[in-house]
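A closer look at the structure
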Amino acid sequence: MSRFPHVALLSVALPLATATQVRAAELSDLFYLDVSGGPAALMLHMNDDAMDDLIANTYWGIDGRLGICSEGPFNICAGITGFSSLGSTSASLSQRYGTGTSETRFSSIGGYVQGKANLGVVTISPFAGYRQLYGTVETSSSRFGYQSEDIDTGALFGGLETSIKFIPTGLELGARIEYGASTDDAAADDFDYGLGSAFLRYKF
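Residues numbered from 1 in each chain as written. Predicted model: local features only at pLDDT ≥ 70, side-chain atom pairs only at ≥ 80, totals over all residues. Heavy atoms only, no water.

**Concerning the pattern of salt bridges**
Let me state the cut-off plainly: Any Lys or Arg side-chain nitrogen found within 4 Å of a carboxyl oxygen on Asp or Glu counts as a salt bridge. Counting from the N terminus, the helices are DSSP H or I runs at least four residues long and the strands are E runs at least two residues long. Each residue gets one of three labels from its accessible area relative to the maximum for its type: buried under 20%, exposed over 50%, partly exposed in between, using a 1.4 Å probe on protein chains only.
A full pass over the atoms with the stated rule returns ten salt bridges. When the shortest N-O distance is used, the salt bridge between arginine 201 and glutamate 161 registers 2.4 Å. Of the two residues, arginine 201 sits in strand β9 (residues 191-203) while glutamate 161 sits in strand β7 (residues 145-166), which places them 40 residues apart along the sequence. The exposure class assigned to glutamate 161 is buried, which follows from its relative accessible area of 1%. One salt-bridge network, in which partners are shared between bridges, spans Asp34, Asp63, Arg65, Lys116, Arg131, Glu161, Glu172, Arg176, Glu178 and Arg201.

Structural data, given as structure tokens:
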């Protein structure tokens, strides 16, 4: 047994710590964490005529992403994306329902893949993915009284974003648009949507 156990421990710990730091540095040379979010507008069109008469078409909210990207002049990214409306949106019901209003709110979570072309201070990025979209439609009408219906279905989407970098920081300012369509053609689950978002991105 060594008379100086702390010396022996240091002789093992220092190389391990150095190796860990080297591996972390090597990973940071290959990948970076990509976080972005900002105000967004969801423009929804229900393909079922009855549901389209019940709900509003535009929902204001927050859209955000968390992903990991490769380093280099062209980045490949993958991660999760989400949207949440800021409260519910009201709409007047059509005459077929009598006098009344509806209150609708939406949220979604999904995954995406993205390619980023770094053109100096400008980045252009096509992307595609899948969202699970959740909504609640509450109606109150003179003809049918109070009713509540849930929307819970998936949607495939694709889009394009562009951003401007604030060199030498890791901050970017940009905008993205996407178009999506539901994967279900059942009543209350068949829709198309557009999503427009302004965002701030930070590269960690």
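**Focus: the environment of glycine 129**
When you line up the elements, glycine 129 lands in strand β6 (residues 122-141). Separated by 16 residues in sequence, glycine 129 and valine 113 place their C-alpha atoms 6.2 Å apart.

**Observations concerning the nonpolar core**
We apply this condition: Take the buried residues of types Ala, Val, Leu, Ile, Met, Phe, Trp, Tyr and Cys, join any two whose side-chain atoms come within 4.5 Å, and each joined set is a nonpolar core. Residue contacts are counted whenever heavy atoms from the two residues lie within 4.5 Å of one another.
Grouped together as the largest cluster of nonpolar side chains are 25 residues, with contacts concentrated most on Leu42, Leu44, Met51, Ile55, Phe106 and Tyr193. For this core, the secondary structure elements donating two or more residues are β1 (31-46), β5 (100-119), β6, β7 and β9. Take this core: its biggest share by element is four residues, from β1. Apart from residues lying up to four places away in sequence, phenylalanine 106 is in contact with Leu42, Leu44, Ile55, Tyr59, Phe83, Ser84, Ser85, Leu133, Tyr134, Gly135 and Ile151.

**Concerning the pairing of β1**
Basically, it comes down to this: The pairing criterion for strands is at least two bridges between them, as found by DSSP.
Judged from the 13 bridges that link them, β1 and strand β2 (residues 58-70) form a sheet pairing that is antiparallel. Counterpart to alanine 41 in the pairing with β2 is tryptophan 60. Where β1 lies against β9, eleven bridges are found, and the strand directions are antiparallel. Along β9, the bridge assignment pairs methionine 46 with phenylalanine 191.

**Describing the state of the cysteines**
Our working rule: Disulfides are defined in this document as cysteine sulfur pairs within 2.5 Å.
Evaluation of the coordinates by the stated rule reveals one disulfide. The disulfide partner of cysteine 69 is cysteine 77, and the S-S distance across this bridge is 2.1 Å. The disulfide joining cysteine 69 to cysteine 77 has a torsion of about 115° about its S-S bond and is therefore right-handed. Taking relative accessible area as the criterion, cysteine 69 reaches 0% and is therefore assigned buried. Residue class for cysteine 77 comes out buried when judged on its relative accessible area of 1%.

**Quick look at the packing of aromatic side chains**
The condition that has to hold: Aromatic contacts are taken between Phe, Tyr and Trp rings whose centres are within 6.5 Å, Trp giving its six-membered ring; a plane angle under 30 degrees counts as stacked, one over 60 as edge-to-face, and the others as tilted. Any Lys NZ or Arg CZ found within 6 Å of a ring centre and within 35 degrees of that ring's normal is scored as a charge over the ring.
Evaluation of the coordinates by the stated rule reveals four aromatic pairs. Here tyrosine 202 and phenylalanine 204 contribute two aromatic rings whose centre-to-centre distance is 4.8 Å and whose plane-to-plane angle is 65°, an arrangement assigned as edge-to-face. With relative accessibility at 58%, the residue phenylalanine 204 sits in the exposed group. Its guanidinium or amino end placed over the ring of phenylalanine 127, arginine 65 lies 4.2 Å from that ring's centre, counting from NZ or CZ. The aromatic ring of tyrosine 32 is capped on one face by lysine 203, whose charged end is 4.6 Å from the ring centroid.

**Topic: the confidence of the model for the chain**
In plain terms, the rule: Looking at any residue, its pLDDT shows the predictor's confidence there, from 0 to 100.
Per-residue pLDDT for the chain has a mean of 86; in total, 86% of the residues score no lower than 70. Strand β3 (residues 74-85) holds the highest mean pLDDT among the elements of the chain, 97, whereas helix α1 (residues 5-30) holds the lowest, 52. Confidence drops under a pLDDT of 50 for residues 16-22, and excluding neighbours within four residues, the segment shows zero contacts in the predicted structure.

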